[in-house]
Amino acid sequence: MSDKDLRDRTKKFALKIIRLVASLTRTREADLIGRQLLKAGTSVGANYRAPNRSTSKAEFRAKIGILEQEAEESLYLLELLKQSRISKGELLEELLIEADELVAIFTTIGKKSK
């Protein structure tokens, strides 16, 4: 997968996160999880741009680690939305799969960079 492909993929992930959060019912629980998901899910794409500007291998690994954490946090929050039945539907299922794949991608990149 090329840098541009992953850049586009993480941006699409962020846009889908925005759509999902906007569709949540207005409850205290949905607002709290939605706010956290919005931060984590959109930061995956924003932070993906940083590793390629790293000045050292150590800096690159650290930035990939942040990406892995944000993708993992997004996955966890999506799982909470599903398991608590705050949200359901095709978009949520797509995001669960995508978040899981992004975690795997960034984990692999991190391991290969060592």
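Everything that follows concerns the structure shown earlier in this document.
Residues numbered from 1 in each chain as written. Predicted model: local features only at pLDDT ≥ 70, side-chain atom pairs only at ≥ 80, totals over all residues. Heavy atoms only, no water.

J.: Would you mind showing me how to read helix α1 (residues 3-23) here?
T.: Each turn of an α-helix holds 3.6 residues, which means side chains three or four residues apart point in the same direction. Look at α1: 30 Å from first C-alpha to last across 21 residues, which is about the 30 Å you get at 1.5 Å a residue. Where α1 is concerned, the buried positions are L6, R9, T10, F13, A14, I17, L20 and V21. All buried residues of α1 project into a common sector of 140° when viewed along the axis, lining one side. Those residues of α1 that are exposed and aimed more than 90 degrees away from the buried face are K4, K12, R19, A22 and S23. Looking at the buried side of α1, the elements it contacts are α2 (28-48), α3 (57-83) and α4 (90-112). (Helix = DSSP H or I, 4+ residues; strand = E, 2+ residues; numbered from the N terminus. Expected span 1.5 Å × (residues − 1). Buried < 20%, exposed > 50% of the residue type's maximum accessible area, 1.4 Å probe, protein only. Arc of directions from axis to C-beta. Contact = heavy atoms within 4.5 Å.)

J.: What should I look at first to understand the pattern of salt bridges in this one?
T.: It is possible for side chains of opposite charge to pair when their charged atoms get near one another. All chains considered together, the criterion is met by 7 salt bridges. R26 is the partner of D31 in a salt bridge, and the nearest nitrogen-oxygen pair spans 3.5 Å. Measuring nitrogen to oxygen at the nearest pair gives 2.9 Å for the salt bridge that ties E59 to K63. With E59 and K63 both in helix α3, this residue pair falls 4 residues apart, about one helical turn. Connected through salt bridges with shared partners, the residues R9, E98 and E101 form a single ionic network. (Salt bridge = Lys/Arg side-chain N within 4 Å of Asp/Glu carboxyl O.)

J.: Would you take a moment to explain the nonpolar core for this structure?
T.: Where a protein is soluble and globular, its nonpolar side chains tend to be buried together. L20, L37, L78 and F106 are the most contacted members of the largest nonpolar core, which totals 26 residues. Among the elements that line this core, the one with the most residues is α4, at 8 residues. In contact with L78, not counting residues within four places along its chain, are I17, L20, L37, L92, L95, L96 and A99. (Core = buried A, V, L, I, M, F, W, Y, C linked by side-chain atoms within 4.5 Å.)

J.: Please explain the packing of α1 against α4 as it appears in this structure.
T.: How two helices pack is summed up by the angle between their axes together with the distance between the axes. α4 packs onto α1 with a crossing angle of 145° between their chain directions and a minimal axis gap of 11 Å. Read as a crossing pair, α1 and α4 show a hand that is left-handed. Contacts between α1 and α4 involve L6, R9, T10, F13, K16, I17, R19 and L20 from the former and L91, L92, E94, L95, E98, A99, E101, L102, I105, F106 and I109 from the latter. Residue composition of the contact of α1 with α4, grouped by class: 12 nonpolar, 1 polar and 6 charged. (Axes fitted to C-alpha atoms, helices over the stretch in contact; angles between N-to-C directions. Left-handed = near helix turned anticlockwise from the far one by under 90°. Nonpolar A, V, L, I, M, F, W, Y, C, P; charged D, E, K, R; others polar.)

J.: What should I look at first to understand the packing of aromatic side chains in this one?
T.: Centre distance and the angle of the planes are the two values used to describe a pair of aromatic rings. Under the counting rule described, the total for this entry stands at 1 aromatic pair. Taking 6.2 Å as the distance between ring centres and 40° as the angle between the ring planes, the aromatic pair formed by Y48 and F106 counts as tilted. Of this pair, Y48 sits in helix α2 while F106 sits in helix α4, and the two are 58 residues apart along the sequence. Overall, F106 belongs to the buried group, its relative accessible area being 0%. (Phe/Tyr/Trp six-rings, centres within 6.5 Å; stacked < 30°, edge-to-face > 60°.)

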